[in-house]
Amino acid sequence: MKLMVRGILWFGLYLFLVLLPLATAVLSNPDRGQGPMIREIAVGVGFVGFAIMALEYALISRIKSAAAAFGEDALQLFHNLMGMVALGFLLAHPILLIIFGYPANCWLNPFASCANMATRTAALSLYALILLVVISVWRKQLRIRYEVWYVLHGLFALFVVVSALVHIFILGRYTTTPAMRTVWLVYAILVIGLLLWYRILTPILFWNKKWKVVENRVEQGDARTLVLKPVGHKGFSFEPGQFAWLKTGRTPFGLGQHPISMSSSGDVPPGGEVSFTIKNLGDWSGQEVPALKPGDTMWVEGPHGVFSIDREQAMGYAFIGGGIGITPLHSMCQTMAEREDVRPVVLFYASNDAESLTLREELEALSDRMTLKIVYVLNDPPEGWEGETGYVTSDILGRYLPKQYKRFVYLICGPEPLMDAMEVALPELG
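Described in the following lines is the structure provided in the data block.

### Side note on the overall build of the chain
Of regular secondary structure, the chain possesses 13 helices and 11 strands. Across its three principal axes, the chain shows a C-alpha extent of roughly 75 × 50 × 45 Å. Scored against the burial criterion, the 430 residues of the chain give a buried share of 48%. The contacts in the chain between residues at least 6 apart in sequence include a share of 73% that link residues at least 24 apart. Entry remark: accessible area of the chain is about 21,400 Å², with carbon and sulfur atoms responsible for 63%. Across the chain, 35 positive and 36 negative side-chain charges occur, with their mean positions spaced 11 Å apart.

### A look at the pattern of salt bridges
Counted according to the given criterion, the structure contains 12 salt bridges. Residues Asp-341 and Arg-343 are paired through a salt bridge, measuring 2.7 Å at the closest nitrogen-oxygen approach. Taking the shortest distance from any N to any O, the salt bridge between Glu-364 and Arg-360 comes out at 3.2 Å. Remark: Arg-360 and Glu-364 occur in helix 11 (residues 360–366); sequence separation between them is 4 residues, near one turn of the helix.

### A closer look at the packing of helix 6 (residues 117–137) against helix 7 (residues 146–171)
For any two helices packed against each other, one specifies the inter-axial angle together with the distance between the axes. The contact between helix 6 and helix 7 brings their axes to 8 Å, and the two run at 155°. Taken together, the axis directions place helix 6 and helix 7 in an arrangement best described as roughly antiparallel. For the crossing formed where helix 6 meets helix 7, the hand is left-handed. By residue class, the composition of the contact of helix 6 with helix 7 is 19 nonpolar, 7 polar and no charged.

### Observations concerning the packing of aromatic side chains
For the coordinates displayed, the defined rule picks out 15 aromatic pairs. Seen from their ring centres, Phe-50 and Trp-184 are 5.5 Å apart, and the 70° between their planes marks the pair as edge-to-face. One end of the pair, Phe-50, is in helix 2 (residues 37–59); the other, Trp-184, is in helix 8 (residues 178–205), and 134 residues separate them in sequence. For the pair Phe-50 and Trp-184, one class covers both residues: buried. Consider the rings of Phe-100 and Tyr-102, whose centres lie 5.9 Å apart with planes at 40°: the pair is tilted. Using a relative accessible area of 31% as the deciding quantity, one classes Phe-100 as partly exposed. Each member of the aromatic cluster is reached from another via a ring pair, and the members are Phe-47, Phe-50, Trp-184 and Tyr-187. The side chain of Lys-209 reaches across the aromatic face of Phe-206, ending 5.6 Å from its centre. A cation sits over an aromatic face here: Arg-360 above Tyr-376, 4.8 Å from the ring centre.

### Concerning the sheet that holds strand 1 (residues 210–219)
Read from one edge of the open sheet, 6 strands run 4-3-6-1-2-5, paired in antiparallel fashion. With one partner strand each, in any of the chains shown, strand 4 (258–261) and strand 5 (274–279) form the two edges of the open sheet. Each adjacent strand pair in this sheet contributes to an overall mean axis angle of 40°, direction not counted. Here strand 3 (residues 243–248) pairs with strand 6 (residues 297–304) via 5 bridges, running antiparallel.

### Overview of unusual backbone geometry
The omega torsion across Gly-302 and Pro-303 is 0°, close enough to zero to call that bond cis. Here Arg-143, not a glycine, exhibits a phi torsion of approximately 55°, which is positive. In this structure, Asp-222 is a non-glycine residue whose phi angle is positive, near 55°. Mapped onto the elements, Asp-222 comes out in the loop between strand 1 and strand 2 (223–231).

The rules behind these values
- Residues numbered from 1 in each chain as written.
- Predicted model: local features only at pLDDT ≥ 70, side-chain atom pairs only at ≥ 80, totals over all residues.
- Heavy atoms only, no water.
- Helix = DSSP H or I, 4+ residues; strand = E, 2+ residues; numbered from the N terminus.
- Buried < 20%, exposed > 50% of the residue type's maximum accessible area, 1.4 Å probe, protein only.
- Contact = heavy atoms within 4.5 Å.
- Areas by Shrake-Rupley, 256 points an atom, 1.4 Å probe, with all protein chains shown as cover.
- Lys, Arg positive; Asp, Glu negative; His and termini not counted.
- Charge placed at Lys NZ, Arg CZ, Asp CG, Glu CD.
- Salt bridge = Lys/Arg side-chain N within 4 Å of Asp/Glu carboxyl O.
- Axes fitted to C-alpha atoms, helices over the stretch in contact; angles between N-to-C directions.
- Parallel < 35°, antiparallel > 145°, perpendicular 65-115°, else oblique.
- Left-handed = near helix turned anticlockwise from the far one by under 90°.
- Nonpolar A, V, L, I, M, F, W, Y, C, P; charged D, E, K, R; others polar.
- Phe/Tyr/Trp six-rings, centres within 6.5 Å; stacked < 30°, edge-to-face > 60°.
- Lys NZ or Arg CZ within 6 Å of the ring centre and 35° of its normal.
- Pairing = 2+ DSSP bridges.

What follows is the structure, given as structure tokens:
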């Protein structure tokens, strides 16, 4: 109930800040209602688009109070979605002004002779936002390294917001009243404050919280398990299923952070080791992670996330995992075994083939220490395979779940096709 109230309050604050510039402009403008309607609408959508862009920093700044209500993954998804929404509003701004009568060439070409500084900063801000969206949506197709994208994403976002603010102040029409000047000051402080917190202060706070690599172990499925130990601090315990942001390098200011689920037990004693199992999926996981050796320094920011049995109490659980999505589920199983938790767990583990079943031996060893039934589902089974084949379906789930399955909690982690399939399969089971 507390999380629900907290979520409503955070979402209410978000809507308030999105609409604040527009509401203040309308209420503080003595000429409201007297100008051409299309121009006023153009200004309005521009304000809303700017406010959304400014708040994008808040969605990824890892404010734990907000993340606890929604989950980091949900906030990240919302961040991606609102970036597209902001682009839609900010594209509508010049289109409506062109319809109203402003010369199209001055908007399309910021360096045209008719373009002044106001239209120039607005056009450059919009083009930077378009580039930001393009490199984010099609990063892999464009073969942009994650670390390069990470830097470009931050620079483009900052440029978009600053250029838009300059555009607003150059025009001056909506900065003449004390109320509007206060609003723009609030947004400037918000953007700069979040940027300093996220990019500068947070790394400084983690300067004395180093972790060192204890072991870099090869796993099935082209994966590796990094065992990390805190250096000079107590580290942390975590709720099984949570994740942390990992960064390599000598300082916490290195480029790129990577969200990786913990694969070890959550009940870590002070100063205890924490394990992360990482699949080769790109430049960092395929090149930097294999090169790490015992004694190397890493930086760990966490724990984060709400995907955990500790937050979903039930008489039993159905875990449905695919690929490297098995790691948080393994953490939950290991934690339950160490707690001597006797509640039943049915684990459906989907994989392309038997060789890709990461942590298979560890999971089977846990079967002797807890009430765990493992059901492997292979898309490309070996000769003589007697288990389930193809994909996880409602039929497969129904064959192995106990009669009281409707009282179970279902925790799912895997690639998008698996997640989409479960949105169909689970309702079919009721």
